Amino acid sequence: MNYRELGKTGLMVGEIGIGCEGFVDHDGALAEPLLDAAQQAGVNCIDLYTPNPDMRTRLGKALRGRREKFVLQAHLCTVWKNGQYERTRKIEEVKAGFADLLERLETDHIEIGMIHYVDSLEDWKAVADGPVMRLAKELKAQGKIRHIGLSSHNPLSARAAVESGLIEVLMFSINP
């Protein structure tokens, strides 16, 4: 596995990471074997966009005894409502979703607090100047997230976020 520095974090992560889809839609029997295979292959970065509570619990159990071997990138502003994922900017929902994440993952921190799905300049301005960024900074000051990131599909909002200096990692989807 080749490793590279992740954004401006100083964290070294494998060029191949693992998403959370493999931890969903089963009774949990695959969580540990999936994590074993990832670890054996040198994969050390896990992106957790989904707020699915069962997936978070399964992954938390699979991480027992090896949490420090993985860089967890979890998304702020994702919540689980009525059995499905939802993006939110409501700060009380964001706080509750993050607290649930830490509890279910059985950890006191994540490495990357990824502000989820910022796809317009208007949304970026609201995030940057509002309670979401204040919360991200507060969580970072408390050590509950180590670095602030952002995910986007929009070049204009992504560039504005990078140029602001407020984020250390950009997750930009390229959809051919």
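Above this text sits the structure in question.
All of the points below concern the structure found in this document. From a predicted model like this one, the values you see are computed outputs, not experimental measurements. (Residues numbered from 1 in each chain as written. Predicted model: local features only at pLDDT ≥ 70, side-chain atom pairs only at ≥ 80, totals over all residues. Heavy atoms only, no water.)

1. Remarks on the nonpolar core
Counting 40 residues, the largest nonpolar core has L48, L59 and I115 as the members making the most contacts within it. Those residues in contact with L48 that lie beyond four places of it in its chain are C20, M55, L59, L72, Q73, A74, H75 and L105. Ranked by size, the runner-up nonpolar core spans seven residues in total, among them V13, I112, M114 and V169. (Core = buried A, V, L, I, M, F, W, Y, C linked by side-chain atoms within 4.5 Å. Buried < 20%, exposed > 50% of the residue type's maximum accessible area, 1.4 Å probe, protein only. Contact = heavy atoms within 4.5 Å.)

2. Some words on the packing of aromatic side chains
Going through the model one piece at a time under the given rule, you end up with one aromatic pair. Aromatic pair Y49 and Y85: ring centres 6.1 Å apart, planes at 75°, arrangement edge-to-face. Within this pair, whereas Y49 is found in the loop between β4 (45-48) and α2 (53-63), its partner Y85 is found in strand β7 (residues 84-87), the two being separated by 36 residues in sequence. Classification of Y49 as partly exposed rests on a relative accessible area of 29%. By relative accessible area, Y85 is classed as partly exposed at 32%. (Phe/Tyr/Trp six-rings, centres within 6.5 Å; stacked < 30°, edge-to-face > 60°. Helix = DSSP H or I, 4+ residues; strand = E, 2+ residues; numbered from the N terminus.)

3. Section: the layout of surface pockets
The space that makes up the largest pocket amounts to roughly 160 Å³. Split into classes, the residues belonging to the lining of the largest pocket amount to three nonpolar, five polar and one charged. (1 Å grid on protein atoms, 1.4 Å probe; cavity = no way out; pocket = protein on both sides within 12 Å on 5 of 7 lines; lining within 4 Å. Points joined across faces, edges and corners; volume = space filled by probe spheres on them. Nonpolar A, V, L, I, M, F, W, Y, C, P; charged D, E, K, R; others polar.)

4. With respect to the pattern of salt bridges
As enumerated under the stated definition, the model contains 13 salt bridges in all. Two residues, E106 and R64, come together in a salt bridge whose shortest N-O distance is 2.8 Å. Here R64 lies in the loop between α2 and β5 (71-76) and E106 lies in the loop between α3 (91-105) and β8 (110-115), a separation of 42 residues in the sequence. The exposure class of R64 is exposed, given its relative accessible area of 52%. The network of salt bridges with shared partners includes R56, D100 and R104. (Salt bridge = Lys/Arg side-chain N within 4 Å of Asp/Glu carboxyl O.)

5. Focus: helix α6 (residues 155-164)
Taken together, the buried positions of α6 are occupied by S157, A158 and A161. Projected onto a plane normal to the axis of α6, the buried residues spread over an arc of 100° and lie on a single side. When the buried face of α6 is taken as reference, the exposed residues oriented beyond 90 degrees from it are P155, L156, R159 and E163. Tucked inside the fold, the buried residues of α6 contact α4 (121-129), β9 (145-152) and β10 (169-172). N-capping of α6 is provided by N154, with a side-chain oxygen placed 2.8 Å from the backbone N of L156. Positive backbone phi, at 80°, marks G165, one or two positions downstream of α6. (Arc of directions from axis to C-beta. Polar contact = N/O pair within 3.5 Å; in protein donor to acceptor, adjacent residues only side chain to side chain.)

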